[in-house]
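Reading the structure
Listed below, chain by chain, are the residues.
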Amino acid sequence: MGKIRVLMAKVGLDGHDRGVKVLCSALRDAGMEVIYTGLHNTPEQVVRAALQEDVDVIGISLLSGAHMAIFPKVRRLMDEHGLKDVLLLGGGIIPDEDKEALRKLGVKGLFGPGTPLSEIVEYIKREVQQRH
Amino acid sequence: MKELTLKSERARWEKEVLQPFLEEHGERKGRFITVSGEEIKRLYTPEDVQGLDYDRDLGYPGEYPFTRGVYPTMYRGRLWTMRQFSGYGGAEETNRRFKYLLKEGETGLSTAFDMPTLMGYDPDHPLADGEVGVEGVSVATLRDFEILFDGIPLDRVSTSFTINPTAAVIYAMYIAIADQQGVPRTELRGTIQNDMLKEFIAQKEWVIPPKPAIDLIVDIFEFGIKETPKFNLISISGYHIREAGATAVQELAFTLADGFAYVEAGLERGLDLDSFAPQLSFFFNSHNSFFEEIAKFRAARRIWARRMREHYGAKRPESWRLRFHTQTAGCTLTEQQPLNNIIRVALQALAAVLGGTQSLHTNSYDEALALPSEEAVRIALRTQQIIAHESGVADTIDPLAGSYFVESLTDEMEREALDYIGRIERMGEGSLLKGVLRGIEEGFFQREIARAAYEYQKRVDSGEQVIVGVNKYVIEEDHKPRILRVDPEVQRRQIARLNQVKQERDQAKVKAALAGLRRACERGENRMPHILEAVKAQASLQEIMDTLREVYGQYREPAMF
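The present account deals with the structure reproduced in this document. Note that the structure is predicted; figures quoted are calculated from it, not measured. (Residues numbered from 1 in each chain as written. Chains lettered and ligands numbered in written order. Predicted model: local features only at pLDDT ≥ 70, side-chain atom pairs only at ≥ 80, totals over all residues. Heavy atoms only, no water.)

1. Digging into the overall build of chain B
Inclusion rule: Helix numbering and strand numbering both begin at the N terminus, where a helix is a DSSP run of H or I of at least 4 residues and a strand a DSSP run of E of at least 2. The size measure is the radius of gyration over C-alpha atoms, and the globule rule it meets is 2.2 Å times the number of residues to the 0.38 power. All accessible areas in this document rest on Shrake-Rupley with a 1.4 Å probe, and a residue is counted as covered only by the protein chains that are shown. When charges are counted, Lys and Arg contribute as positive and Asp and Glu as negative, whereas His and the chain ends are disregarded. Taken as the charge centre is NZ of Lys, CZ of Arg, CG of Asp or CD of Glu, depending on the residue.
Each helix and strand counted, chain B has 22 helices and ten strands in total. Whereas a compact globule of 561 residues would reach a radius of gyration of roughly 24 Å, chain B reaches 24 Å, a difference of no more than 12%. With the model as given, the accessible surface of chain B reaches about 22,200 Å², and the carbon-plus-sulfur share is 51%. The distance from the centre of the 71 positive side-chain charges to the centre of the 85 negative ones in chain B is 2 Å.

See below:
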């Protein structure tokens, strides 16, 4: 198996990019291929980039509270474009009740602030391996 | 002679007392550093402050270089303004929260806007989906502002607006409300954040590109020094730079560099320095390393005063005086064991007070989970009231002055910040305005901050940096605070109101005002009078910002990490 390819994305108007950038550096240092979209993307742009870059993982960081609007839309677009096997990870400020609903939709991880970087790295490695 | 004694006494102590003790007991860690990675020594003595000249470097409060505080009596005269940032949902909900906070003893209002309002989109724009009223109040037209300030007398309350790319529109709306209430514009007190440089550097909310954005800010200066002389026309902010992961020194250096860049932009326009400098204000973060934060605030005042007077030649003491608002560090709040956040906030708030802040926002303990609940907001405000009325720290001015450690750290922060400022100035070939703009274009600030954030996170992950409840003293959680939720109905209601306003208003007036604004852009005239006219005609925030977008384009940041 080659390098794990990860698309890290910020969607909507949320400009909090500290966490996503730290994670980009950590994933890169862990040997993954990281593509960062930058800020202010639409779900369509993210899914298009994922298709173009042929990634194993899409990570979306959201700290604006818009997670219930954005994740379901991304998940639906991924399914429509044949990205069923791509791991969709969420991170940011997401209350427990919403986590339940998002997990049912197939949004994985849902890492909150303070999650150790190594935990996320290990999680991605494990999940991607299972899918191959 | 005295120095020699100090040195030899210290050598004796190290040899006879310290070394034997260290050999037997050792120390807790190999190195002691602040959250910013700044090494802290075992002991500070008079040796560390030998270069300090009291009159030159500290002086008296209310006097140059203002190290000890900006007012002669500081908190003995008047306590800092306790200003809790609030805003959510529609104008009705936020108006109720404002009235609640005023009743609870708050002395100034502070408005949070939702992302669409901050970024110049109306609630019916596709990018606004799911974000209307979520992170703050949604404002599209003057009608929303009328509801927001219903029953709040603008001549008696000062209001701070956390608003940047759309600051000109919100400022115009506030003036329009004052005009409606019959309050003279000259009596308006408050602040618009209006600091686009730190947006490009750290907070990442923008509409038009950096150069025209700065030009619009200078329009506000030019308009505001005459129209609203008691109103702070900008709040030059380090808060977001720090939250993005910067160190304390980076926060200090980049914020002051931004401040000087605005000064240079005003001078380029031909404004008289002493006419606008007194209306500049600052906004800092108060983070965990208690003494480092206090030193940062003290160093900030000294650096500002010196450069304003010596480099730019400001004549009025008000132009030398750095006044600032502080907010405790949101990024230090943990989702785990959230009640611990109350203690973190209290320590950070204490540092801000010991650092001489003019106003303070204390975070609510549940903010790592979602928007704060009413109980959490009250505890946050009570924290300030306990510091103010029970602890006694507000009874004397700058109580930590003269501490070997604090003075030495203040000098160190100043030195390191000046190094950065010098680098930025060289990037701009002698101009800080050019240097900051170039730094933004080339990603200099963004890279410096991202690197610091990553280094910090690695220290947390390795356990070198302890975060109680996160990487040490972890428990099985059974406590979750109550969470305030924003009803999706808010977006529907905001859209309905916007549609109604658009139907009822005089379309010809809106068209004429927006055309006037476009002409002003093209001719390089001040845009504020036109924005005010558009706002009064009930043009929407997005319509006004779209006019600017059409002229200058929409900014997009190069993605890097």
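2. A look at the pattern of salt bridges
Counted only if it meets this: The rule for a salt bridge is simple: a side-chain nitrogen of Lys or Arg has to be within 4 Å of a carboxyl oxygen of Asp or Glu. Exposed residues in this analysis have more than 50% of their type's maximum accessible area, buried residues have under 20%, and partly exposed residues fall in between, with area computed by a 1.4 Å probe over protein chains only.
Enumeration over the complete set of coordinates arrives at 64 salt bridges over all chains. One salt bridge connects Glu33(A) with Lys3(A), and the closest N-O pair in it is separated by 3.9 Å. In this pair, Glu33(A) is assigned in strand β2 (residues 33–36) and Lys3(A) in the segment before β1 (5–10), connecting sequence segments 30 residues apart. Since its relative accessible area comes to 34%, Glu33(A) is described here as partly exposed. Between Arg10(B) and Glu14(B) there is a salt bridge, with its nearest N and O atoms 3.1 Å apart. Here Arg10(B) pairs with Glu14(B), and both are found in helix α1 (residues 2–25), just four residues apart, close to one helical turn. The exposure class of Arg10(B) is partly exposed, given its relative accessible area of 24%.

3. A short note on the sheet that holds strand β8 (residues 280–286) of chain B
Consider a sheet: its strands pair through backbone hydrogen bonds, and that pairing is either parallel or antiparallel. Keep this limit in mind: Any two strands between which DSSP finds at least two bridges are classified as paired.
As summarised here, the arrangement of the five strands in space is β1-β10-β9-β8-β7 (chain B), forming an open sheet in which the pairing is parallel. Strands at the two margins of the open sheet, each flanked by one partner only, are β1 (81–82) and β7 (234–237) of chain B.

4. A closer look at the interface of chain A and chain B
Under the convention used in this document: When checking whether two residues touch, look at their non-hydrogen atoms; a contact exists if any pair is within 4.5 Å. Buried area is a sum: the accessible area each of two parts loses on coming together, probed at 1.4 Å, counted once for each and added.
Between chain A and chain B, the contact holds 39 residues from the first and 41 residues from the second. Taken together, the two surfaces of chain A and chain B that pack against each other cover about 3,100 Å², and 55% of this comes from carbon and sulfur. Together, Leu13(A), Arg18(A) and Lys21(A) form the three largest contributors to the area buried by chain A at its contact with chain B, with a combined 26%. Applying the counting criterion to the chain A and chain B interface returns two salt bridges.

5. Here's the deal with a nonpolar patch on the surface
For clarity, the threshold we go by: A patch consists of residues whose relative accessible area exceeds 30% and which take part in no salt bridge; residues with like charges are grouped when within 9 Å of each other, and nonpolar side chains (Val, Leu, Ile, Met, Phe, Trp, Tyr) when within 5 Å.
A contiguous nonpolar surface patch, about 270 Å² in accessible area, is contributed by Val466(B), Val468(B) and Tyr473(B). With respect to the helices, strands and loops of the structure, Val466(B) is situated in the loop between α18 (444–462) and α19 (489–504).

6. Some details on the environment of Ile177(B)
All names here are of chain B. Turning to its location among the elements, Ile177 is positioned in helix α6 (residues 167–181). Between the C-alpha atom of Ile177 and that of Pro153, which follows or precedes it by 24 residues, the distance is 9.9 Å. Sequence-distant contacts of Ile177, that is, excluding residues within four places in its chain, are made with Leu142, Phe145, Glu146, Phe149 and Leu154.

7. A short note on unusual backbone geometry
Residue and element names in this part refer to chain B. A cis amide bond, omega 0°, links Tyr64 with the succeeding residue Pro65. Residue position: Pro65 is located in the loop between α2 (54–58) and β1. Its identity is not glycine, yet Asp398 carries a phi of approximately 45°, on the positive side. Its location among the elements puts Asp398 in the loop between α15 (374–389) and α16 (404–427).

8. Some points on helix α2 (residues 43–53) of chain A
All names here are of chain A. Defined as follows: The arc in question is the one traced by the directions running from the helix axis out to the C-beta atoms.
Burial in α2 covers these residues: Pro43, Val46, Val47, Ala49 and Ala50. Burial along α2 is one-sided: seen end-on, the buried residues are contained in an arc of 160°. The inward-facing, buried residues of α2 contact β1, β3 (57–62) and α3 (67–80). Looking one or two places after α2, you find Asp54, whose phi comes out positive at around 50°.

9. A short note on the side chain of Gln279(B)
Within the element layout of this structure, Gln279(B) appears in the loop between α11 (273–276) and β8. Ignoring any residue separated from it by four or fewer positions in sequence, one finds Gln279(B) in contact with Gly224(B), Ile225(B), Thr228(B), Pro229(B), Lys230(B), Phe231(B), Asn232(B), Leu233(B), Ile234(B) and Arg323(B).

10. Things to note about the sheet that holds strand β4 (residues 87–92) of chain A
Residues and elements named next belong to chain A. Selection criterion: Only the stretch in contact is used when a helix axis is fitted, and all axes are lines through C-alpha atoms; the angle between N-to-C directions ranges over 0 to 180 degrees.
One open sheet accounts for five strands, arranged β2-β1-β3-β4-β5; its pairing is parallel. This sheet does not close on itself; its edge strands, each paired only once, are β2 and β5 (108–111). Across the sheet, the mean angle from the axis of one strand to that of its neighbour is 20°, orientation sign disregarded. Inspection of the sheet shows β1 paired to β2 by four bridges, in the parallel sense. Bridge pairing in β2 places Met8 opposite Tyr36. Sitting on the sheet, α2 is in contact with β1, β2 and β3, with an inclination near 165° to β1.

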